[in-house]
Amino acid sequence: MDEESNNNNMDAKQQQMDQLRALLLGEENQQITGTVKKHAREIVGDVFSEALHDRQEKDGSVDQVIIPLVEKSVERSVSNHSEKMVGYLYPLMGRLIRKSVSAFLTEFLEKTNELIENSLTIKGLKWRFRAWQAGVSFSQYVASQTFVYKVEQILLIHRETGILLKSVSQGHGAADADMVSGMLTAIDDFVSDSFNAESENEQQHLDVIKTDDFSLVLKRGPQAVIVAAVTGNMPQEIANQLELTLEFAHRIYDKELASFKGDTLPFEPLEQQLKECLLEELRPEENKANKQPWFAWLIVLFVCSLSVTYGYFWWNQNELKIAIEAIKNEPGFVLNDVDKSGLTKVKVTLLRDPSALSVDDWLLENDISKDNLDIEEKRYLSLAPELLKLRLTKLLADYPELTVIWEDNLPVLTGELPNAKRQALSSKLLALPGLNEPLNVMSLVEVEELDNRGENNPAILKALLELNIAKVDSIQLEFDQGQSGLSDLAKEQLKMLANNFQTVVDLADKQNLSLGLIIMGASDPVGGREYNQRLSRDRARAAQKVLVEQGVDPGYLNAIGLGIVESKTTGKGVRKVLFNVVYFDSD
Amino acid sequence: MIQKKVCLLGATGVGKTSLVKQFVEGIFSEKYLTSIGVKVDKRIVDLASEQVQLMLWDIEGIDRYCGFQPKYLRGASAYIIVTDQTRSQSLIEGLEIHHQCREVTDVPAILAINKSDLDVAWHWSENELNGYSQEFEKCFTTSAKTGQQVNSMFEFIAELLYY
């Protein structure tokens, strides 16, 4: 029984299985597949990610299917919507590029650092020392020395229209930003059109416009361009800051930029961000101080001291020249030439009378040092009165019996001398240079009385008489033009003449001779003949009057006027009174 | 302030630069025109309630040797086609340029028939002109020499673009 029921069960199950098989795999299976298809999306959706994951785990075949698909679709998307793609990627790419650039720069600076480290230039060593002093790395110091700059103006320009969205500048005098923006956009268009790249999609754009002392740096975003006008050497820092600001503008004003219709008002708040780009770096003061041009200063100092020294020498030389020139005022010196020679010396050529002061004595007297003088001396004879005095004084040193009276630089000697000595003096005086009429000088020098041993010897008496007559005859009185008055000298001469004449009278008496003295006045031709006749007579009478006063018996005297007397040799008139003794035998 | 970019286009010698000169006091030399093909000037136009700054892009004369440069038109809010009423050809060329512009932009276009101080010397009839004018937002008969209708043209553009 049990066995039968078991068999029945088995059959029923088999039957059900067959029904199920028919249902699933038989002709009627459309119903089920239809139902499953209806919910396929939900069913697959529930397990899609997991299934992908499992399959990838299992044999890695998902990659092989999906990668070509994704690559193709990205390619298509980029080529069709490149501008959009750039827009999407820009904020991300900007950051990535910045990172890579700054990494590159750091590496570059490190390399530069190494390079400079190994180079033994003076500048390199100096900078290294300064960097060590300041406690910064060498590369940092190099950067601080190199990058000195100022961002003058920042422009944010709408890329499509070229319209200025916002500009900020340092101080005044910034260019008209509106028009500059327009022109920059136009120039950029011009560049991108004129210099086409090989590929059509790859267009050329302005990055930096550089002049001698400033640069325009352009950074381009999908919707806007930021431009910085920079003077000096622009560091990477500025480019970074510009990128940051541009990204910021794109992030915050994405919609405004995309739908820009010329209204710049919404971009006003960007002022703060743009101002952050107005960077500047001034060279530190201490560097400025260190930049003193010492070498130039040394040269200036050298030139100054040289000119001061030269000026001192020049002044000294000049003073010496002026001092030495005073020698020309010294009697017996003639200064021919005074000239500077070299830096300190003064060359002098002069003539000196041997009787004058020696040059050394003159220098000593005037307190002038001989060290810088180069003196060439030649001899000459001076006719200066001072020199005559000197010579005469020297000469008269041998004749202490005589005294000298100077009348208008003319000497007159008085005193007594033995005849021989007198003769010697007379010849010496004749040889004395500069002395006019040497015999007149001697006219008052008396001959010493001889002994009276031959007093009664007629020959001696006669000789004595002749000698004394000659004395009287030799006297001549000088007069000024038109004058009949007597000078002091003339009076002195007359005094002596009166004595001499008395001697002559005495001697004549002894020899029984009678005599007379003829006093002859003469005059030059100036004035009329009669006038001169009278003048000559007056001169003779004036002399006669003095002789009478000196005690001469007027009976002996006979004053006559000769009128005009001219010397035939000189052609000059004779303004004189002359004397002549005449004697006869009494009987 | 609202700013608008306006381009001046036309055949060589129709007086675009003179029109701009009549309207603004420029800072850039005209050398730019021959070197890079464009010169930018600006002028603020006072409207009843607002001010509009027109950025005027004076574009080098276009002729058969010097092709039309659509790039300069980019971002323009309007453009002016300038013709010379003493030369029939200038209108044909102007219309050609206009059609080329239309391929890249649909901003308002203004027709300026310039040199109105001189006698009319082209053969276009009133009707023909009216027909061509239909393609434009408005037509002005201007003289850069006397200033006739110059200000009113730019004021019209400013108003058109602002409102």
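Reading guide: rules and limits
- Residues numbered from 1 in each chain as written.
- Chains lettered and ligands numbered in written order.
- Predicted model: local features only at pLDDT ≥ 70, side-chain atom pairs only at ≥ 80, totals over all residues.
- Heavy atoms only, no water.
- 1 Å grid on protein atoms, 1.4 Å probe; cavity = no way out; pocket = protein on both sides within 12 Å on 5 of 7 lines; lining within 4 Å.
- Points joined across faces, edges and corners; volume = space filled by probe spheres on them.
- Helix = DSSP H or I, 4+ residues; strand = E, 2+ residues; numbered from the N terminus.
- Nonpolar A, V, L, I, M, F, W, Y, C, P; charged D, E, K, R; others polar.
- Buried < 20%, exposed > 50% of the residue type's maximum accessible area, 1.4 Å probe, protein only.
- Contact = heavy atoms within 4.5 Å.
- Buried area = accessible area lost by both parts, 1.4 Å probe.
- Salt bridge = Lys/Arg side-chain N within 4 Å of Asp/Glu carboxyl O.
- Polar contact = N/O pair within 3.5 Å; in protein donor to acceptor, adjacent residues only side chain to side chain.
- Expected span 1.5 Å × (residues − 1).
- Arc of directions from axis to C-beta.
- Pairing = 2+ DSSP bridges.
- Axes fitted to C-alpha atoms, helices over the stretch in contact; angles between N-to-C directions.
- Parallel < 35°, antiparallel > 145°, perpendicular 65-115°, else oblique.
- Left-handed = near helix turned anticlockwise from the far one by under 90°.

## What to know about empty space enclosed by the protein
Residue and element names in this part refer to chain A.
Then, number 1: On inspection of all chains with the given rule, the structure shows 1 cavity of 30 Å³ or more.
Then, number 2: The volume enclosed by the largest cavity comes to roughly 130 Å³.
Then, number 3: Contributing to the lining of the largest cavity are 14 residues, with R159, T185, D188, R220 and V225 lying nearest its centre.
Then, number 4: Listing elements by their share of the lining of the largest cavity, those giving two or more residues are β1 (149–158), α8 (177–194), β4 (214–220) and β5 (224–232).
Then, number 5: Among the elements that line the lining of the largest cavity, the one with the most residues is α8, at 4 residues.
Then, number 6: Taken together, the residues that form the lining of the largest cavity break down as 5 nonpolar, 3 polar and 6 charged.

## Considering the environment of L56 of chain B
Residue and element names in this part refer to chain B.
Then, number 1: By secondary structure assignment, the location of L56 is in strand β3 (residues 51–59).
Then, number 2: Overall, L56 belongs to the buried group, its relative accessible area being 0%.
Then, number 3: C-alpha separation for the pair L56 and K39, spaced 17 residues apart in sequence, amounts to 8.1 Å.

## Quick notes on the interface of chain A and chain B
Then, number 1: Contacts between the two partners involve 23 residues from chain A, matched on the other side by 24 residues from chain B.
Then, number 2: Between chain A and chain B lies a buried interface of about 2,100 Å² when both sides are counted; carbon and sulfur atoms form 59% of it.
Then, number 3: On the surface where chain A and chain B come into contact, there are 2 salt bridges.
Then, number 4: Applying the counting rule to chain A against chain B returns 7 residue pairs in polar contact (both at pLDDT 80 or more).
Then, number 5: Ranked by the residues each element gives to the side of chain A that touches chain B, the list is headed by α8 of chain A, at 12 residues.
Then, number 6: Of the residues assigned to the side of chain A that touches chain B, the class counts are 8 nonpolar, 7 polar and 8 charged.

## Examining helix α15 (residues 385–396) of chain A
Residue and element names in this part refer to chain A.
Then, number 1: Look at α15: 16 Å from first C-alpha to last across 12 residues, which is about the 16 Å you get at 1.5 Å a residue.
Then, number 2: Among all positions of α15, only L387, L388, R391, L392, L395 and L396 are buried. Down the axis of α15, the buried side of the element spans an arc of 165 degrees, and every buried residue falls inside it. Of the residues in α15, the exposed ones pointing more than 90 degrees away from the buried face are T393 and K394.
Then, number 3: Where α15 is buried, its residues meet β10 (403–407), β11 (410–417) and α16 (419–430).

## Examining the pairing of β4 of chain A
All names here are of chain A.
Then, number 1: With respect to burial, β4 is a largely interior element, 5 of its 7 residues being buried.
Then, number 2: Judged from the 3 bridges that link them, strand β3 (residues 208–210) and β4 form a sheet pairing that is antiparallel. In the sheet register, V208 faces β4, and the bridge partner there is V217.
Then, number 3: Judged from the 7 bridges that link them, β4 and β5 form a sheet pairing that is antiparallel. Bridging across to β5, L218 finds its partner in V227.
Then, number 4: Connecting the antiparallel pair β4 and β5 is a turn made up of 3 residues.

## Here we look at the packing of helix α18 (residues 458–473) of chain A against helix α19 (residues 488–510) of chain A
Residues and elements named next belong to chain A.
Then, number 1: It is the contact of α18 with α19, at a shortest axis distance of 9 Å, that shows an interaxial angle of 155 degrees. When the axis of α18 is compared with that of α19, the two are roughly antiparallel. Considering the relative orientation of α18 and α19, their crossing is left-handed. Of the residues in α19, those touching α18 at L461, L464, L465, N468, I469, K471 and V472 are L497, N500, F501, T503, V504, L507, A508 and K510.
Then, number 2: Considered class by class, the residues forming the contact of α18 with α19 number 10 nonpolar, 3 polar and 2 charged.

## Brief notes about the layout of surface pockets
Residue and element names in this part refer to chain A.
Then, number 1: Within this model, the largest pocket holds a volume of roughly 1,100 Å³.
Then, number 2: In this structure, the largest pocket is lined by 29 residues; those nearest its centre are E83, V86, R159, R220 and G221.
Then, number 3: Where the lining of the largest pocket is concerned, the elements lending two or more residues are α4 (61–80), α5 (82–118) and β4.
Then, number 4: In terms of residue count, α5 provides more of the lining of the largest pocket than any other element does, 8 residues in total.
Then, number 5: In terms of residue class, the lining of the largest pocket is made up of 10 nonpolar, 9 polar and 10 charged.
Then, number 6: A volume near 840 Å³ is recorded for the second largest pocket.
Then, number 7: Elements with a minimum of two residues in the lining of the second largest pocket: β11, α17 (438–441), β13 (476–478) and α19.
Then, number 8: By residue class, the composition of the lining of the second largest pocket is 9 nonpolar, 9 polar and 9 charged.

## Overview of the sheet that holds strand β16 (residues 576–585) of chain A
Residues and elements named next belong to chain A.
Then, number 1: Spatially, the 4 strands line up as an open sheet ordered β13-β16-β14-β15, and their pairing is mixed. Looking at which strands have only one partner, the edges of the open sheet turn out to be β13 and β15 (557–564). If you compare each strand with its neighbour and ignore which way they point, the axes differ by 25 degrees on average.
Then, number 2: For β13 and β16, the ladder comprises 3 bridges, and the chain directions are antiparallel. Residue Q476 lies in a different strand from β16, and its bridge partner there is L578.
Then, number 3: Along the sheet face, α19 touches β13, β14 (513–523) and β16 and points at about 155 degrees away from the line of β14.
Then, number 4: Sheet strands in contact with helix α20 (residues 529–549) are β13, β14, β15 and β16, and its direction is about 155 degrees off that of β15.

## Some points on unusual backbone geometry
Most peptide bonds are trans, and most residues other than glycine sit at a negative phi.
Then, number 1: Although it is not a glycine, D367 of chain A adopts a positive phi angle of roughly 60 degrees.
Then, number 2: For D367 of chain A, the position within the fold is in the loop between α14 (359–365) and β9 (373–379).
Then, number 3: Despite not being glycine, Q149 of chain B shows a phi value in the positive range, around 65 degrees.

## So, the pattern of salt bridges
Residue and element names in this part refer to chain A.
Then, number 1: Overall, the coordinates contain 17 salt bridges over all chains when judged by the stated rule.
Then, number 2: Salt-bridge contacts for R220 lead to D188; the nearest nitrogen and oxygen are separated by 2.6 Å. With R220 in strand β4 and D188 in helix α8, the pair connects residues that are 32 residues apart, well separated along the chain.
Then, number 3: Looking at R220, the relative accessible area reads 17%, which means it is buried.
Then, number 4: Taking the relative accessible area as the measure of exposure, D188 reaches 8% and is therefore buried.

## Things to note about the sheet that holds strand β2 (residues 38–46) of chain B
Residue and element names in this part refer to chain B.
Then, number 1: Pairing is mixed across the open sheet formed by 6 strands, whose spatial order is β2-β3-β1-β4-β5-β6. The open sheet has two edge strands, β2 and β6 (138–141), and neither has a second partner. Going from strand to strand, the sheet's axes swing by 25 degrees on average, the running direction of each strand aside.
Then, number 2: Examined bridge by bridge, β2 and β3 share 9 bridges and lie antiparallel to one another. By the bridge assignment, V45 is partnered in β3 with V52.

This is a description of form; function is not addressed.
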